[in-house]
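Notes for the structure review
Take a look at the letters that make up each chain.
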Amino acid sequence: MANRARFGAETTTDEVLDGIDLSGRTVIITGGASGLGQETARAMAAHGAEVVIAARDVAKGESAAEAIRQAVTGASVSVAELDLGSLASIRRFAEAFTVEHPSLDLLINNAGVMACPFATTADGFEMQFGTNHLGHFLLTNLIAPSLIAAAKDDGDVRVVNLSSRAHH
């Protein structure tokens, strides 16, 4: 297993997960259709996790999932529609997910928008605040029963909220 105290800016996802078996674990990654989210989804799948890519653009999510399946033999990757700028979409996603997956081991809140022109979400919130903060807050709260169910099994559940230095 890697010495995690030595991780830095050049550390890869595979180095972080070296020696970790995620078989039997379920992971949601918001914004997993591109960039860091897609790489995180690939790495999680490569280590045995069942990965759900939550994406606003389902076609883009399916393309990312297919690329992961091509790169990782036996990868378990699915895609579900989730627009963090719509409270109704978040509620639909959470309801469908919790019906299909009574437990969730890892929620990675990765999706976000940055430096966009002024716009509002479907519910009238400023786009960046509504998507990056309120959307993930509601999602996490609605998915909480699945996280709690997984915690009762072995206590090893996580919610990871990513951020960016782009605001600087």
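Our subject is the structure that appears above.
Residues numbered from 1 in each chain as written. Predicted model: local features only at pLDDT ≥ 70, side-chain atom pairs only at ≥ 80, totals over all residues. Heavy atoms only, no water.

The subject of this paragraph is the environment of Ile108. Note that Ile108 resides in strand β4 (residues 106-109). For the pair Ile108 and Ser86, spaced 22 residues apart in the sequence, the C-alpha separation amounts to 18 Å. Apart from residues no more than four positions distant in its own chain, Ile108 is found in contact with Val27, Ile28, Ile29, Thr30, Thr40, Met44, Val160 and Leu162. (Helix = DSSP H or I, 4+ residues; strand = E, 2+ residues; numbered from the N terminus. Contact = heavy atoms within 4.5 Å.)

A few words now on the nonpolar core. Formed by 22 residues in total, the largest nonpolar core has its most connected members in Val27, Ile29, Met44, Val51, Ile53, Ile68 and Val77. The set of elements that each furnish at least two residues to this core consists of β1 (26-30), α2 (35-46), β2 (50-55), α3 (58-71), β3 (76-81) and β4. Looking at this core element by element, the count peaks at four residues for α2. Here Ile68 is in contact with Gln38, Ala41, Arg42, Ala45, Ile53, Ala75 and Val77, once residues within four sequence places are set aside. If you look at the next biggest cluster of nonpolar residues, it comprises 15 residues, including Ile28, Phe97, Ile143 and Leu147. (Core = buried A, V, L, I, M, F, W, Y, C linked by side-chain atoms within 4.5 Å. Buried < 20%, exposed > 50% of the residue type's maximum accessible area, 1.4 Å probe, protein only.)

Let's shift gears to helix α4 (residues 87-100). For the α-helix, the turn length of 3.6 residues means that residues three or four positions removed from each other point alike. With 14 residues, α4 ought to run about 20 Å at 1.5 Å a step, and its terminal C-alpha atoms sit 20 Å apart, in line with that. Residues Ser89, Ile90, Phe93, Ala94 and Phe97 constitute the buried set of α4. Considered in projection along α4, the buried side chains sweep an arc of 130° and stay on one side of the axis. The outward face of α4, more than 90 degrees from its buried face, is lined by the exposed residues Arg92, Glu95 and Val99. Packed against the buried residues of α4 are β1, β2, β3 and α5 (127-154). (Expected span 1.5 Å × (residues − 1). Arc of directions from axis to C-beta.)

This paragraph deals with the pairing of strand β5 (residues 158-161). By the bridge criterion, four bridges tie β4 to β5 in an arrangement that is parallel. Among the inter-strand pairings, Asn109 is bridged to a residue of β5, identified as Asn161. Of the crossover connections in this fold, the one passing from β4 over α5 to the parallel β5 is right-handed. (Pairing = 2+ DSSP bridges. Right-handed = clockwise from strand over helix to strand, strands pointing away.)

What follows is about the environment of Ile68. In this fold, Ile68 is placed in helix α3. The exposure class assigned to Ile68 is buried, which follows from its relative accessible area of 2%. Here the alpha-carbon distance between Ile68 and Thr26, two residues 42 residues apart in the chain, equals 16 Å.

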